[in-house]
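Observations on the three-dimensional arrangement
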Amino acid sequence: MWDWAHEHSDWLAILGISSAVMLVGSALAVPWIVLRLPVDALRRPNPLNTWGRHHPALRLLVMITRNAIGLPLLAVGIILAVPLVPGQGLLTILLALLIMEFPGKWRLEHYLVSRPFVLRLLNWIRRKGHREELLPPLDR
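A word on the side chain of histidine 110
Among the secondary structure elements, histidine 110 is positioned in helix 5 (residues 105-113). Residue class for histidine 110 comes out buried when judged on its relative accessible area of 15%. A distance of 2.9 Å separates the side chain of histidine 110 from the backbone oxygen of leucine 42, its partner in a polar contact. Beyond its immediate chain neighbours, meaning those up to four positions away, histidine 110 contacts Leu42, Arg44 and Pro137.

See below:
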């Protein structure tokens, strides 16, 4: 075991640094994003439907860019989730899925946020930031 760790010490250092950066980044980004959401953000229609009025090339460029950013994050999250830091790996996977575009993403986001525990946590962050609580999503 120690021989393997010594042989792969460079990769382990890169993964450790990546994990630390992701931990600090997510600890800063999550409250920042939650505090900037409008109160009715969970009741609004799918924002991607508004992209229909833009040029198809722009829509394609945005989708490719978001997936090009999200896929490496997803890969790092999977690597971190398996043997090293499961909690940080799962957060990184979640962040990657939020950035990426795929069919059913909007429904998945609303399903997760509509869970009472998750909504309570989001509203706790908003209360600490002196913001109004988010309105729960409407059942569809």
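Considerations on the nonpolar core
Listed in full, the eight residues of the largest apolar core are Val34, Leu35, Leu42, Val113, Leu119, Leu122, Ile125 and Leu134. In terms of residue count, the dominant contributor to this core is helix 6 (residues 116-128) (three residues). Leucine 134 has contacts with Leu37, Pro38, Val39, Leu42, Leu119, Leu122, Asn123 and Arg126, leaving out every residue within four places of it along the chain.

Quick word on a nonpolar patch on the surface
A contiguous nonpolar surface patch, about 430 Å² in accessible area, is contributed by Leu94, Leu98, Leu108, Tyr111 and Leu112. Of all the elements in the fold, those that place two or more residues in the nonpolar patch are helix 4 (86-99) and helix 5. Top contributing element to the nonpolar patch by residue count: helix 5, with three residues. Here leucine 94 shows up in helix 4. The class for leucine 94 is partly exposed, based on a relative accessible area of 38%.

A look at helix 6
When the terminal C-alpha atoms of helix 6 are compared, their 18 Å separation across 13 residues agrees well with the 18 Å that a helix rising 1.5 Å per residue should span. As for helix 6, its buried residues are in contact with helix 2 (9-36) and helix 5.

Remarks on the environment of tryptophan 11
Within the secondary structure, tryptophan 11 is located in helix 2. What makes tryptophan 11 exposed here is its relative accessible area of 59%. Expressed as a C-alpha distance, the spacing of tryptophan 11 and histidine 54, which sit 43 residues apart in the sequence, is 42 Å.

Section: the side chain of arginine 126
Residue position: arginine 126 is located in helix 6. As a buried residue without a salt bridge, arginine 126 has its nearest oppositely charged side chain in glutamate 132, at a separation of 6.7 Å. One polar contact links the side chain of arginine 126 to the main-chain carbonyl oxygen of valine 34, over a distance of 2.7 Å. Within the local environment of arginine 126, its side chain forms a polar contact with the backbone oxygen of leucine 37, the two atoms lying 3.0 Å apart. Arginine 126 has contacts with Val34, Leu35, Leu37, Val39, Arg131, Glu132, Glu133 and Leu134, leaving out every residue within four places of it along the chain.

Definitions and cut-offs
Residues numbered from 1 in each chain as written. Predicted model: local features only at pLDDT ≥ 70, side-chain atom pairs only at ≥ 80, totals over all residues. Heavy atoms only, no water. Helix = DSSP H or I, 4+ residues; strand = E, 2+ residues; numbered from the N terminus. Buried < 20%, exposed > 50% of the residue type's maximum accessible area, 1.4 Å probe, protein only. Polar contact = N/O pair within 3.5 Å; in protein donor to acceptor, adjacent residues only side chain to side chain. Contact = heavy atoms within 4.5 Å. Core = buried A, V, L, I, M, F, W, Y, C linked by side-chain atoms within 4.5 Å. Patch = residues over 30% accessible without salt bridge, like charges linked within 9 Å, V, L, I, M, F, W, Y side chains within 5 Å. Areas by Shrake-Rupley, 256 points an atom, 1.4 Å probe, with all protein chains shown as cover. Salt bridge = Lys/Arg side-chain N within 4 Å of Asp/Glu carboxyl O. Expected span 1.5 Å × (residues − 1). Lys, Arg positive; Asp, Glu negative; His and termini not counted.

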